[in-house]
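Results of the structural survey
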Amino acid sequence: MTEATGKVVGVNGNMISVDVAGNIALNEVGYVRLGDSRLKAEVIRIRGSRAELQVFEMTRGIGIGDEVEFSHELLAVQLGPGLLGKVYDGLQNPLPELAEKCGFFLDRGVYLDPLPRAQKWEFTPKAAKNTRVSAGDTIGTVPEGIFEHRIMVPFFLPGEYTVASIVEKGAYSITDTVAELVSPDGTTIPVTMVFEWPVKRPITAYTNRRRPTEPMITKVRLIDTFFPVALGGTYCIPGPFGAGKTVLQQITSRHAEVDIVIVAACGERAGEVVETLVEFPELTDPRTGRSLMERTVIICNTSSMPVAAREASVYTAVTIAEYYRQMGLNVLLLADSTSRWAQAMREMSGRLEEIPGEEAFPAYLESVIAGFYERAGVVELRDGSVGSVTIGGTVSPAGGNFEEPVTQATLKVVGAFHGLSRERSDARKYPAIHPLDSWSKYPGAVEPELTEYARKVLFNGNEVGQMMKVVGEEGTSLDDFVGYLKSEFLDAIYLQQNSFDPVDAAVPTERQRHVFKLIFRVFSGRFKLATKDEARTLFNELQLKFRDWNGAEWNSDDFSRIETDINAALDASIEGIEHDAESLVAQTRKAE
Amino acid sequence: MRKVYNKIEEISGNVITVAADGIRYGDLAVVTSRYGESLAEVIRLSGEKVSLQVFSGGRGVSTGDEVRFLGHPMQVSFSDNLLGRIFDGGGRPRDGGPALHEDLIEIGGPSVNPSKRIIPRNMIRTGIPMIDLFNTLVESQKLPIFSVSGEPYNPLLARIAMQAEVDIIVLGGIGLKYDDYLYFRETLESGGALSRTIFFVHTASDPIVESLLVPDISLAVAEKFALQGKRVLVLLTDMTNFADAMKEIAITMEQVPSNRGYPGDLYSQLASRYEKAVDFNGAGSITILGATTMPGDDVTHPVPDNTGYITEGQYYLRNGRIEPFGSLSRLKQLVNDSTRLDHRAIMDGMIKLYAAYKESLEKKSMGFRMSEWDSKLLAYGEIFEREMMDLSVNIPLERALDRGWEILSECFEPAETGLRTELIKEFWPTKE
Ligand SMILES: Nc1ncnc2c1ncn2[C@@H]1O[C@H](COP(=O)(O)OP(=O)(O)O)[C@@H](O)[C@H]1O
Ligand SMILES: [Mg+2]
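Residues numbered from 1 in each chain as written. Chains lettered and ligands numbered in written order. Predicted model: local features only at pLDDT ≥ 70, side-chain atom pairs only at ≥ 80, totals over all residues. Heavy atoms only, no water.

**With respect to the site of ligand 1**
The cut-off we apply is this: Throughout, the term near means that a residue has one or more heavy atoms lying within 4 Å of the molecule or strand in question. Any pair of nitrogen or oxygen atoms within 3.5 Å is treated as a polar contact; in protein, a donor-acceptor pairing is required on top of that, and neighbouring residues in sequence qualify only through side-chain atoms on both sides. Here the accessible surface of atoms and residues is derived via Shrake-Rupley with a 1.4 Å probe, and residues count as covered only by protein chains that are part of the display. Under the DSSP-based scheme used, a helix requires at least four consecutive residues in state H or I and a strand at least two consecutive residues in state E, with every element numbered from the N terminus. We call Asp, Glu, Lys and Arg charged. Ala, Val, Leu, Ile, Met, Phe, Trp, Tyr, Cys and Pro are nonpolar, and the rest, Gly among them, are polar.
Near ligand 1 lie 16 residues; those nearest to it are Gly-242, Thr-246, Val-247 and Ser-499 of chain A together with Arg-330 of chain B. One finds residues of chains A and B in close proximity to ligand 1. Between Val-247 of chain A and ligand 1, the recorded distance is 2.7 Å, taken from a backbone N or O atom to an oxygen atom. About the coverage of ligand 1: the protein hides 95% of its 550 Å² of free accessible area. At the level of secondary structure, the elements contributing two or more residues to the shell around ligand 1 comprise helix H3 (245-255) of chain A together with helix H8 (332-335) of chain B. No other element matches H3 of chain A, which puts three residues into the shell around ligand 1. Tallied by class, residues from the shell around ligand 1 come to seven nonpolar, five polar and four charged.

As structure tokens, then:
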């Protein structure tokens, strides 16, 4: 291909128009020369010899006639050992290293190696000479923290190859050749430990996709018990500002039972990333005993960073997630917020003067969102192992109204919906996931019959609550009132969970199951009660006991003491079993 | 390189277009009309057509007027000489003092590398229980006051500024009423804070486009002081005016509006200003308090809505009080674990009870019989509003916490409060 070059003929915000000589591709990377520096940009439209590029940097100072060089490469990330624990911007520029070089500010046009070149990795060959391999097959491994990082046949190599040579076990840097492959036509291809992959193309070097069925434990009761997420599944968290989207993702990034977490801080506050950045190295992952940072990659393109790089950042994140999935690992990608990504597309679409859709979002919004979530999934790899990418995205709807394009497009494609409600967060009922509006298509951690019954209790309590608004407490029967108190009780001590309490913040599934049995005892019980005031007093006391119980360490003396105490209180106040619960009670008894 | 052009091809609203070459995006120009000189900024380049927004407005500009390009973007002088001075939105003296030209810095610079930020950790005490106890303000926080016009948001800003322990105060006035400007000046003067204050004041009668410069100028100056290790407090009032000025330009440039006429990049534009709030690793800090008036008392209006998604909480001012619902300090949990053991529990517990009070109040207004529990809540709500919410209350956090326990014990039995047993044991006031 001939070298393509161009000259700037227009600047509009972060979009430039360029007159091009030579051939260029859509999504190809180009660089605008500005004095000594080169500003990275991506081709987003081509019409004749005129191309539009979105510039990943501030465009101030660019002038008509400035030169543009094209790279012939699509926007890509580098994949190889050393990604874990890194903090990157949306284009995989390592931020701490950038700070070392440039100081306090993000200077334009400085692009550093995403992966350390000098570092040596202990390589163990896995593919023997003369074996036949294809894209995604493991040719060796290196230890990366607690993981066996697979060095794989680069995903972009089509067809089959023969391993012509492979290095001995030993220490190598990522750019050293570790193997040579020969293609059927006799070409020799050197393989190193690093290669590039274009971020906007899914990695598909697997044999099979499976339906996600196994729960991904978050240790948030409301999620695991009522609105579960599956490994390899997708879910979204829409909610107005301040409802708790970010906190929910932060605690999930800490406690979720997965191998690797990719945090994509997309167009929101820098301060929130700093919390993760500073705290994770200090926190130990209870599953491994190592620092949480060792299982985390942070892609950070916060709200004041260039908008075009924000658009790229979610793709950078999901590509890294897919890469580790190819090693048979369970990866969780948390994107906060997908609305900012959609807005970045909207800004660019507006500059391109495309015909706007609803709220000025581009017409292709839905298909782009669907395409992103489609990159999640459980896959079977060629060696039989199984890996998964789970995607959870927050949505920040304008005015907190879910009837807007991004929320609606997302709801069409995800498997679980955790809708946050302003009323609940205003009343400090965290996590503010609305228990009646939210849904999940995945199986959960607690017996479905019990959660189904609990749902009925909530639903019924809500009905009574609505009715009481009309007829008042005096117009409500004692039975109905107790039903209402039961739903309030469930809300207060099970649905609500204090993320800032050391014990309550993360509740293992075993404990959820255990506690839920006792809650079911409260639900199914007919209580000896004469008046509503008596009922309220009893449920206040029960709430207090359960709240203390929630604060007690799992399996501690305190925990059993409070449990005994609760059982005693229930023995004293329950006189029978609610009719609709009889068969369930019999069933659970039998199970024990 | 100074280039002069005498032919303006297009004048539309506050945007003019000239044919020129060698011009760079973001460059400044001086437009001279018979009404005087005005700065203008390049906002689009298309072939040889250069579009500029004229800070003093397009009115009265004629096609034959002179446009002189300065060859650099907007700058402001930075030195200690700024302290105690008052400038207009464009950085010109408003106090009769000398214009400053030395040590020019660019405004609207790049954002801070997130890895050079530290986690905020210093509480800013205000003596206002609705802030200190329920929504603690933290150094380096960015936080607006949401209010309808007519609420005392400017006095509240001034009061916090006077009480906060900071080294430098930068006041950015955007469409500020002249009386309010005088109020700020007098309050800071009588509090002895004028010599550590810098004003960039665009008043309601100044040209609208000029208001666009105020946040950037104020924050550029604040950033330089912060890099010198100073703790800087920036007050921006009113950011809704800033957004409206952007809207005007966007419409003139025929951009497709996203929501109620506001441009699609409203969020990014506001964010690039608010995100200047920072606690530098190894230098000072910038705290930003803004005022965001809500047209029609509607938080879902694009300006408060986008702001809320950017800032680290908001104080919701209504009927002269900071409302507990809708108000939020997102950084409070970074500091309220080390204030006092009972801080978080009192904070959550009292608000939950206040929410229950609101429900009882609603029932009462519908004529329902009040249960014993309702009556307790009604009594509680009244005391809470009087002793915690009223803005005239001025007590330190510790006193407010004590008062919280007293109020709870006056109104409820321990088990009714929803507080954990251990805290009740330690803090529940014993009746003499
Ligand atoms: N699970 C929770 N427990 C306690 N407080 C919470 C919880 N979730 C949110 N909050 C409070 O609400 C604030 C806003 O939450 P955040 O997650 O930042 O909202 P969003 O991302 O939806 O705008 C937090 O700073 C915190 O004070
Ligand atoms: Mg958030």
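On we go.
**Focus on the sheet that holds strand S14 (residues 170-173) of chain A**
Residues and elements named next belong to chain A. Stated formally: Pairing between strands requires that DSSP locate at least two bridges from one strand to the other. Each axis is a line fitted through C-alpha atoms, taken for helices only over the stretch in contact, and angles between the N-to-C directions span 0 to 180 degrees.
The sheet built from four strands is open, its strands ordered S12-S11-S9-S14 with antiparallel pairing. Looking at which strands have only one partner, the edges of the open sheet turn out to be strand S12 (147-152) and S14. Across the sheet, the mean angle separating the axes of adjacent strands is 45° when strand polarity is ignored. When strand S9 (residues 120-125) meets strand S11 (residues 138-144), the two strands line up antiparallel, connected through two bridges.

**Quick word on the packing of aromatic side chains**
The geometry of two aromatic rings is summed up by the distance between their centres and the angle between their planes. Condition: In this scheme Phe, Tyr and Trp rings, the latter by its six-membered ring, pair at centre separations within 6.5 Å, and the angle between planes marks the pair as stacked below 30 degrees, edge-to-face above 60, and tilted otherwise. When accessible area is computed with a 1.4 Å probe and restricted to protein chains, residues below 20% of their type maximum are described as buried, those above 50% as exposed, and intermediate ones as partly exposed. As a reminder, the over-ring test applies to NZ of lysine and CZ of arginine, requiring each to be within 6 Å of the ring centre and within 35 degrees of the ring normal.
One pass over the structure, following the stated rule, counts 44 aromatic pairs over all chains. Centroid distance Phe-87 of chain B to Phe-200 of chain B: 5.4 Å. Interplanar angle 20°. Geometry classified as stacked. In this pair, Phe-87 of chain B sits in strand S9 (residues 86-88) while Phe-200 of chain B sits in strand S15 (residues 197-203), placing the two residues 113 residues apart along the sequence. With relative accessibility at 2%, the residue Phe-87 of chain B sits in the buried group. For the pair Tyr-183 of chain B and Phe-184 of chain B, a centre-to-centre distance of 6.3 Å together with 70° between the ring planes defines the contact as edge-to-face. By relative accessible area, which is 33% here, Tyr-183 of chain B ends up partly exposed. Look at Phe-184 of chain B and you get buried, because its relative accessible area is 1%. Put simply, the rings of Phe-134, Phe-325, Tyr-354, Tyr-357, Trp-373, Tyr-380, Phe-384 and Phe-412 of chain B pair up and form one aromatic cluster. The side chain of Arg-221 of chain A reaches across the aromatic face of Tyr-494 of chain A, ending 5.4 Å from its centre. Between the NZ or CZ atom of Lys-116 of chain B and the centre of the ring of Phe-104 of chain A, over which it lies, the distance is 5.3 Å.

**Regarding the domain arrangement of chain B**
Residues and elements named next belong to chain B. Stated precisely, the cut-off is as follows: The split of the chain into domains comes from an automatic or database domain assignment. By definition, residues are in contact when any of their heavy atoms lie within 4.5 Å. Simply put, the buried area is the total loss of 1.4 Å probe accessible area from both parts when two parts are fitted together.
Along its sequence, chain B is organised into domain 1 (3-73), domain 2 (77-333) and domain 3 (343-427). The straight-line distance from the C-alpha centre of domain 1 to that of domain 2 is 29 Å. Across the boundary between the two partners, domain 1 contributes 13 residues, which contact 10 residues of domain 2. Between domain 1 and domain 2, a total of about 1,000 Å² is buried, with carbon and sulfur atoms accounting for 66% of that surface.

**Looking at helix H14 (residues 557-573) of chain A**
Residues and elements named next belong to chain A. Heads up, the condition is: One fewer than the residue count of a helix, multiplied by 1.5 Å, yields its expected span. Along the arc lie the directions from the helix axis toward the C-beta atoms.
Taking 1.5 Å as the rise per residue, H14 with 17 residues should run 24 Å; its terminal C-alpha atoms sit 25 Å apart, in good agreement. Listing the buried residues of H14 in full gives Phe-559, Ile-562, Glu-563, Ile-566, Leu-570 and Ser-573. All buried residues of H14 project into a common sector of 105° when viewed along the axis, lining one side. Turned more than 90 degrees away from the buried face of H14, the exposed residues are Asp-557, Thr-564, Asp-571 and Ala-572. Buried residues belonging to H14 abut helix H12 (509-524), strand S29 (525-527), helix H13 (532-551) and strand S30 (574-577).

**Regarding the pairing of strand S2 (residues 15-21) of chain A**
Residues and elements named next belong to chain A. S2 sits mainly inside the fold: five of its seven residues count as buried. Here seven bridges tie strand S1 (residues 5-12) to S2, and the two strands are oriented antiparallel to one another. Bridging from a neighbouring strand, Gly-6 pairs with Val-20 of S2. What sits between the antiparallel neighbours S1 and S2 is a turn of two residues, in which Gly-13 has the positive phi angle 60°. Relative to strand S5 (residues 50-55), S2 runs antiparallel, the two sharing five bridges. Note on S5: the bridge partner recorded for Ile-16 is Leu-53.

**A word on the pattern of salt bridges**
What counts, and what does not: Salt bridge, as used here: a side-chain nitrogen of Lys or Arg that lies within 4 Å of a carboxyl oxygen of Asp or Glu.
In this structure the tally under the stated criterion is 64 salt bridges over all chains. The salt bridge involving Glu-69 of chain A is made with Arg-38 of chain A; its shortest N-O contact spans 3.3 Å. Note that Glu-69 of chain A is positioned in strand S6 (residues 67-74) and Arg-38 of chain A in strand S4 (residues 37-47), a separation of 31 residues in sequence. Judged by its relative accessible area of 33%, Arg-38 of chain A is partly exposed. A salt bridge links Glu-322 of chain A to Arg-375 of chain A; the nearest nitrogen and oxygen atoms lie 2.9 Å apart. A residue pair is termed long-range when its members are at least 10 positions apart, and Glu-322 of chain A in helix H5 (residues 307-325) and Arg-375 of chain A in the loop between helix H7 (365-373) and strand S25 (377-380) qualify at 53 residues. We note that Glu-322 of chain A, like Arg-375 of chain A, is buried. Because the salt bridges share partners, they merge into one network encompassing Arg-386, Glu-387, Arg-399, Arg-403, Glu-406 and Glu-410 of chain B.

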